[in-house]
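Spelled out from the first residue to the last, the chains are:
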Amino acid sequence: MKLTSLAIKLFASAVICVASVSAHAGYKQSGNVEVSNTTIKGALGTARNSSDSRQILSITDYGNFVSIFAKNSSGVIKTCNTTDQTRKEQLRGATSDSYLIISVSGSTCSSVYVDNSSKYEAKR
Amino acid sequence: MQRSLIGLYLGVGFIAGLQVLHLWSGCNSVSPKQITVHQPLAVPASNQWMNSSESDASSQQLLQAYIQAEIAQQLEAQTKQITLAINQLKPAQNSEYIEVSDSIEENNEAVIKQQEIYSLSMGALESSIAVGHFDESNALEMMSNFNHLSDSQKLNLITVYSDAINAGQIHFDKPLPDFIN
């Protein structure tokens, strides 16, 4: 009798463990902030949740233009602005879970790519 | 206001014209008797009518005097109406002009004030770039009156800042919106 009870408890524990693992399943991709002379990349959620306390990725809507500010884990900063209507709308469509790829020319965001996907972590 | 004044002039002029026309047509078409009065004058060679030419001339003079008096009376009345209307419009026009003038003056002051704020913000930024140092106090100085700037001034300011950041002339690791009051 005791053996049967123990078996049931073990089975229940196994089910709980499996359920717990499946809750964290799904394709994931890191979105750490990356900056170069011509590019800004990163996910807002990853930047927020990063443990280095340096990463930041900001989209600021000034109305007539939208500005991007990025700092990677090494503290390197890059910023750009756009007055282009399409790019402004793209950036306005970004969420806190979005991944951004921005091409930078001087201080202008010359192209904008916004990826809203479950693979990027949400802000915690 | 000028349009309404012009409209008033035109309206009054039109009414005066109609009245003159009315008088004129009334003189020429009222009765066959009056028409016969004019005919002898038009044909002075007719012997048959020569005897009555003196009385006709007298009637015509009377008629002309009447017409002149009537026209003068109408003109005087219309002039009075126009003068009255102009006097009523003038104060309103003047007050409106003063209001518009005040509005332009206030607008100019706002633009001048805005330009001063922009110059101060840009000056603070350019000074920081010149010395290669930009910190929170500089950011506060640059952004404290940001909301008072025009759209183009905001863009210019942020563009100069972004150029300097990307070129490594200054280093500031906080987003500028944190410093907007």
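Residues numbered from 1 in each chain as written. Chains lettered and ligands numbered in written order. Predicted model: local features only at pLDDT ≥ 70, side-chain atom pairs only at ≥ 80, totals over all residues.

If you look chain B up in an unreviewed UniProt entry, it shows as Lipoprotein from Pseudoalteromonas luteoviolacea DSM 6061.

Undergrad: Requested: an account of the overall build of chain A, with residues and values cited.
TA: Regarding its fold elements, chain A presents three helices and seven strands. Reading the secondary structure of chain A in the N-to-C direction produces α-β-β-α-β-β-β-α-β-β. Look at the contacts in chain A between residues 6 or more apart in sequence, and 50% of them connect residues 24 or more apart. (Helix = DSSP H or I, 4+ residues; strand = E, 2+ residues; numbered from the N terminus. Contact = placed C-beta atoms within 7 Å.)

Undergrad: With reference to specific residues and values, describe the overall build of chain B.
TA: From N to C terminus, chain B includes five helices and zero strands. The linear arrangement of helices and strands in chain B, starting from the amino end, is α-α-α-α-α. Every one of the 181 residues in chain B was classed for burial, and the buried ones make up 10%. Considering only contacts in chain B between residues 6 or more positions apart, those separated by 24 or more positions represent 71%. (Buried ≥ 20, exposed ≤ 12 C-beta atoms within 10 Å, placed from the backbone.)

Undergrad: If you had to explain the pairing of strand β6 (residues 98–105) of chain A to someone new, which residues and values would you point to?
TA: Residue and element names in this part refer to chain A. Looking at chain direction, strand β2 (residues 39–43) and β6 are connected through five bridges and run antiparallel. Paired with Ala43 across the two strands is Tyr99, which belongs to β6. As judged from the eight bridges shared by β6 and strand β7 (residues 108–116), these two strands associate in the antiparallel manner. Looking at β7, one finds that Ile102 is bridged to Val112. In this antiparallel pair of consecutive strands, β6 and β7, the connection spans two residues, and Gly106 shows a positive phi of 70°. (Pairing = 2+ DSSP bridges.)

Undergrad: Describe the environment of Tyr27 of chain A, with residues and values.
TA: Residue and element names in this part refer to chain A. You can see Tyr27 is positioned in the loop between α1 (2–23) and β1 (34–35). We classify Tyr27 as exposed; it has 7 C-beta atoms within 10 Å. Once the C-alpha coordinates of Tyr27 and Tyr120 are considered, the two residues, 93 residues apart in sequence, prove to be 8.8 Å apart.

Undergrad: Give me helix α5 (residues 151–166) of chain B: which residues, what numbers.
TA: Residue and element names in this part refer to chain B. With 16 residues, α5 extends 22 Å between its outermost C-alpha atoms, agreeing within 8% with the 22 Å of an ideal straight helix rising 1.5 Å per residue. The complete set of buried residues in α5 reads Lys154, Leu157, Ile158, Tyr161, Ser162, Ala164 and Ile165. Seen along its axis, α5 keeps its buried residues to an arc of 165°; they face one direction. Just past α5, the residue Gly168 takes up positive phi, approximately 75°. (Expected span 1.5 Å × (residues − 1). Arc of directions from axis to C-beta.)

Undergrad: Go over the confidence of the model for chain B with me, naming the residues and quoting the values.
TA: For residues with low pLDDT, the predicted coordinates do not support detailed interpretation. Residue and element names in this part refer to chain B. For chain B, the mean per-residue pLDDT works out to 79, and 66% of the residues sit at or above 70. Across chain B, α5 holds the top mean pLDDT of 96, while helix α2 (residues 32–42) sits lowest at 45. Two summary scores accompany this predicted model of the complex, namely pTM at 0.60 and ipTM at 0.77. (pLDDT = per-residue confidence, 0-100.)

Undergrad: Kindly report on unusual backbone geometry, identifying the contributing residues and their values.
TA: For residues besides glycine, phi is generally negative; the peptide bonds are generally trans as well. Not every positive phi belongs to a glycine, and Ser53 of chain A is a case in point at roughly 60°. In this structure, Ser53 of chain A sits in the loop between α2 (44–49) and β3 (56–61).

Undergrad: Describe the nonpolar core, and please don't skip the residues or the numbers.
TA: Ile40, Leu57, Ile68, Ala70, Cys80, Ile102 and Cys109 of chain A are the most contacted members of the largest nonpolar core, which has 21 residues in total. Look past the residues within four positions of Cys80 of chain A in its chain and what remains in contact with it is Ile40, Ile68, Ile102, Val104, Ser107, Thr108 and Cys109 of chain A together with Ser162 of chain B. One finds Leu125, Leu157, Ala164 and Leu176 of chain B within the second-largest nonpolar core, a separate group that totals 14 residues. (Core = buried A, V, L, I, M, F, W, Y, C linked by C-beta atoms within 7 Å.)

Undergrad: Report on the pairing of strand β5 (residues 77–82) of chain A, specifying residues and quantitative values.
TA: One face of the sheet, then the other: side chains in a regular strand alternate in exactly this way. Residue and element names in this part refer to chain A. β5 sits mainly inside the fold: five of its six residues count as buried. Where strand β4 (residues 66–71) meets β5, six bridges bridge the pair, whose relative direction is antiparallel. Of the residues in β5, the one forming a bridge with Ile68 is Cys80. The turn joining β4 and β5, which pair antiparallel and follow one another in sequence, is formed by five residues; a positive phi near 90° is taken by Gly75.

Undergrad: Provide a residue-level description of helix α4 (residues 136–143) of chain B, including the pertinent values.
TA: Three or more residues of α4 of chain B are buried, namely Ala139, Met142 and Met143 of chain B. Buried residues in α4 of chain B, looked at end-on, bunch into an arc of 80°, giving them a common side.

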